[in-house]
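Structure at a glance
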Amino acid sequence: QVRLVESGGGLVQTGGSLRLSCAASGSIVRINAMNWYRQAPGKQRELVATIPSGGSTDYADSVKGRFTISRDNAENTVYLQMNSLKPEDTGVYYCNVNIVRFGRQSGFDYWGQGTQVTVSS
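Residues numbered from 1 in each chain as written. Predicted model: local features only at pLDDT ≥ 70, side-chain atom pairs only at ≥ 80, totals over all residues. Heavy atoms only, no water.

What about the sheet that holds strand 1 (residues 2–7)?
Formally: Paired strands, in this sense, are two strands between which DSSP finds at least two bridges. Numbering of helices and strands runs from the N terminus, with a helix taken as a DSSP run of H or I at least four residues long and a strand as a DSSP run of E at least two residues long. Helix axes use the C-alpha atoms of the stretch in contact, all axes being lines fitted to C-alpha atoms, and the angles between their N-to-C directions lie in the range 0 to 180 degrees.
Judged by pairing direction, the sheet is antiparallel, and its four strands sit side by side in the order 1-3-8-7 without closing on themselves. On the outer flanks of this sheet lie strand 1 and strand 7 (67–72), each paired with one strand and no other. Across the sheet, the mean angle separating the axes of adjacent strands is 15° when strand polarity is ignored. Direction of pairing for strand 3 (residues 18–26) relative to strand 8 (residues 77–82): antiparallel, over a ladder of six bridges. Counted as the bridge partner of L18 is M82 from strand 8.

Quick look at the structure:
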């Protein structure tokens, strides 16, 4: 079984910063891509940032230059550093991780429980 636990959300003023964390635990052989999504009220869930097991990161245009995704493979954790936050960054942030479990050949996508980020104007 695999578990993802998110932390780091909260309320911040415009221009502020937050750092989200998502730690994976359980019967993990390998972690492939790690992603952050967000869902604003009344909108569809959107991909914010992605970091593969190897290779370069990628970001939604709306967060480029402000957000940084990183990972600690020893701790099976992905981070999202969010700077210069804007009210339009408000939403529930979800980590999404592709994990290969013991006894399996291919990876499966797992989701965190979500953490609320609110940016006040």
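So much for the structure itself; the text now carries on.
Quick notes on the nonpolar core
One recurring pattern in soluble globular proteins: nonpolar side chains tend to sit buried together. The condition that has to hold: Take the buried Ala, Val, Leu, Ile, Met, Phe, Trp, Tyr and Cys residues and link them wherever side-chain atoms come within 4.5 Å; each set so joined is a nonpolar core. Residue burial is assigned from relative accessible area. The probe radius is 1.4 Å, only protein chains are included, and a residue is buried under 20% of its type maximum, exposed over 50%, and partly exposed in between. Note on contacts: a residue pair qualifies if any of its non-hydrogen atoms lie within 4.5 Å across the two residues.
With 30 residues, the main nonpolar core has W36, L80, M82, Y93 and I99 as its most contacted residues. Secondary-structure elements contributing two or more residues to this core are strand 1, strand 3, strand 4 (28–39), strand 5 (46–51), strand 7, strand 8, strand 9 (91–101) and strand 11 (115–120). Excluding its chain neighbours within four sequence positions, the residues that come into contact with I99 are V2, L4, A24, I28, R30, I31, S106, G107, F108 and Y110.

Looking at the packing of aromatic side chains
We apply this condition: Pairing of aromatic side chains here covers Phe, Tyr and the six-membered ring of Trp, requires ring centres within 6.5 Å, and sorts the geometry by plane angle: under 30 degrees stacked, over 60 edge-to-face, intermediate tilted.
Tallied over the entire structure, the rule returns three aromatic pairs. Ring geometry for Y37 against W111: centres 5.0 Å apart, planes inclined by 55°, an arrangement best described as tilted. Taken as a pair, Y37 in strand 4 and W111 in strand 10 (residues 108–111) lie far apart in primary sequence, 74 residues in all. Residue class for W111 comes out partly exposed when judged on its relative accessible area of 39%.

Quick word on the state of the cysteines
As a reminder, the rule being used: In plain terms, two cysteine sulfur atoms within 2.5 Å form what is called a disulfide here.
A full pass over the atoms with the stated rule returns one disulfide. For C22, the disulfide goes to C95, at an S-S distance of 2.0 Å. Across the S-S bond of C22 and C95 the torsion is about 55°, and the bridge reads as right-handed. Residue C22 is located in strand 3, and its partner C95 is located in strand 9; the two are separated by 73 residues in the primary sequence. This pair shows no difference in class: C22 is buried, exactly as C95 is.

Considering the side chain of N32
Rules: Whenever two N or O atoms come within 3.5 Å, that pair is a polar contact, provided that in protein one can donate a hydrogen and the other can accept it, and provided that, for residues adjacent in sequence, both atoms are side-chain atoms.
Among the secondary structure elements, N32 is positioned in strand 4. Separated by 3.2 Å, the side chains of N32 and R30 make a polar contact. The contact partners of N32, leaving out residues within four places of it in the chain, are I51, P52, S53, R71, N98 and V100.

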